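Breakdown of the fold
One-letter residues, chain by chain:
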Amino acid sequence: MIDRAGLAEFLRRRRAALQPEDVGLPRGQRRRTSGLRREEVATLCHISADYYSRLERERGPHPSEQMIASIAQGLHLSRDERDHLFRLAGHHPPTRGATSQHISPGLLRIFDRLADTPAEIVTELGETLRQTPLGVALTGDQTRYTGLARSIGYRWFTDPACRARYHPDDHATHSRVFASALRRTVTLRGPDSWAAHVLQLLLAGSEEFRRVWDQHEIGVGYSHEKRFLHPEVGVVEVACQTLLDPDQGHSLLVYTAVPGSESYEKLQLLSVIGAGLS
């Protein structure tokens, strides 16, 4: 059963403990609230301010598991805090481990400070959980996919449109990298894992994947900068830096271009134009 009083108090306490700079928001002037405003939390959680306010006032409908997960992420809760929130709302906490979609607060804090940089947070199967606005402008909205298509490795071998954003000369390398990464994940997670399920579907559905998989390559990486092919500004060459959260299996990918280069200028243009060209 839902503990409305406990849920409301926990939400109020967590909101009061967060400062705007903790979540990448401007502090502004005339701030009377000790922490975040309810409207700010609602925006972070992708829910209406009225719905969130009712939860803090011990009112409203019973929140779904999806809603609680969104609130836990928006409030930058740790896994223990997230699990506590689920129990207060009358739900069983999600499974921990590599299949979890919950991003750690530390990784989110770094991500929130990259608003002017192309960046994304991905799972070990290449499922994009978050993108910065400039990341969306550069590569398109990678969070819009559902089901198996959420994995870029799966899309790469099953949806030709997935390759449109990558330089044609690099396609063979991408195929090797994705197959190698999946081999590592399947070995790490075991034959009953979701990664193993993805593997079986790719083996059954993609001749190219079977050919690359039969090479038994492991540890394949990129030996040069990544080259994205944007439909409006053309080729953009970037270096990719990766920060790994070993507990969750999530990676923060940050794309940068050499200052003064043509690609750097193209990123500056995209930062002004935004996702409208994506």
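Conventions used here
- Residues numbered from 1 in each chain as written.
- Predicted model: local features only at pLDDT ≥ 70, side-chain atom pairs only at ≥ 80, totals over all residues.
- Heavy atoms only, no water.
- Axes fitted to C-alpha atoms, helices over the stretch in contact; angles between N-to-C directions.
- Helix = DSSP H or I, 4+ residues; strand = E, 2+ residues; numbered from the N terminus.
- Parallel < 35°, antiparallel > 145°, perpendicular 65-115°, else oblique.
- Left-handed = near helix turned anticlockwise from the far one by under 90°.
- Contact = heavy atoms within 4.5 Å.
- Phe/Tyr/Trp six-rings, centres within 6.5 Å; stacked < 30°, edge-to-face > 60°.
- Buried < 20%, exposed > 50% of the residue type's maximum accessible area, 1.4 Å probe, protein only.
- Salt bridge = Lys/Arg side-chain N within 4 Å of Asp/Glu carboxyl O.
- Core = buried A, V, L, I, M, F, W, Y, C linked by side-chain atoms within 4.5 Å.
- Pairing = 2+ DSSP bridges.
- Polar contact = N/O pair within 3.5 Å; in protein donor to acceptor, adjacent residues only side chain to side chain.
- Patch = residues over 30% accessible without salt bridge, like charges linked within 9 Å, V, L, I, M, F, W, Y side chains within 5 Å.
- Areas by Shrake-Rupley, 256 points an atom, 1.4 Å probe, with all protein chains shown as cover.

Let us look at the packing of helix H9 (residues 171–189) against helix H10 (residues 194–205). Where H9 contacts H10, the two axes come as close as 8 Å, and the packing angle between them is 135°. As the angle between them shows, H9 and H10 are arranged oblique. Here H9 runs over H10; the crossing is left-handed. Packed against H9, whose contacting residues are Leu182, Thr185 and Val186, the element H10 presents Ala195, Ala196, Leu199 and Leu202 at the interface.

Here we take up the packing of aromatic side chains. The final tally for this structure, using the stated rule, is 6 aromatic pairs. When the ring of Phe157 is compared with that of Phe209, the centres are 5.1 Å apart and the planes differ by 75°; the resulting orientation is edge-to-face. Of this pair, Phe157 sits in helix H8 (residues 152–158) while Phe209 is found in helix H11 (residues 207–213), placing the two residues 52 residues apart along the sequence. Pair check on accessibility: Phe157 and Phe209 agree, each one buried. Aromatic side chains Phe209 and Trp213 sit 5.5 Å apart centroid to centroid with 25° between the ring planes, which places their arrangement in the stacked category. With Phe209 and Trp213 both in helix H11, this residue pair falls 4 residues apart, about one helical turn.

Per the counting criterion, the structure on display carries 13 salt bridges. In this structure, Glu56 and Arg38 form a salt bridge, with 2.8 Å as the shortest nitrogen-oxygen distance. Taken together, the residues span a long stretch of sequence, with Glu56 in helix H3 (residues 49–56) and Arg38 in helix H2 (residues 38–45) at a distance of 18 residues. Glu217 is the partner of Arg176 in a salt bridge, and the nearest nitrogen-oxygen pair spans 2.8 Å. With a gap of 41 residues between them, Arg176 in helix H9 and Glu217 in the loop between H11 and strand S3 (226–230) connect regions that are remote in the sequence. Taking relative accessible area as the criterion, Arg176 reaches 35% and is therefore assigned partly exposed. Glu217 gets classed as partly exposed once you look at its relative accessible area, which sits at 23%. One network of salt bridges, with partners in common, ties together Glu9, Arg12 and Arg13.

Counting residues in hydrophobic clusters, the biggest one holds 32 residues, and the most contacted among them are Leu182, Leu202, Phe209, Val238, Leu267 and Leu270. Among the elements of the structure, helix H7 (133–139), H8, H9, H10, H11, strand S4 (234–245), strand S5 (250–256) and helix H12 (262–273) are those that each provide at least two residues to this core. Per-element accounting of this core gives the leading share, 5 residues, to H10. Formed by 23 residues, the second largest nonpolar core is a distinct cluster that contains Val23, Cys45, Tyr52 and Ala89.

In this section: the pairing of strand S2 (residues 128–131). Direction of pairing for strand S1 (residues 119–122) relative to S2: antiparallel, over a ladder of 3 bridges. Bridge pairing in S2 links Glu120 to Gln131. As consecutive antiparallel partners, S1 and S2 are separated by 5 residues, and within that stretch Gly126 has a phi angle of approximately 75°, a positive value.

One can find Asp83 in helix H5 (residues 79–88). A distance of 2.9 Å separates a polar atom in the side chain of Asp83 from a polar atom in the side chain of Arg82.

A word on the environment of Leu188. With respect to the element layout, Leu188 can be found in helix H9. On the basis of relative accessibility, which here comes to 46%, the residue Leu188 falls in the partly exposed class. Residues Leu188 and Arg4, spaced 184 residues apart in sequence, show a C-alpha to C-alpha distance of 40 Å.

Let us look at a nonpolar patch on the surface. Together, Leu269, Val272 and Ile273 make up a nonpolar patch on the protein surface, roughly 280 Å² of accessible area in all. Examined against the element boundaries, Ile273 turns out to sit in helix H12.

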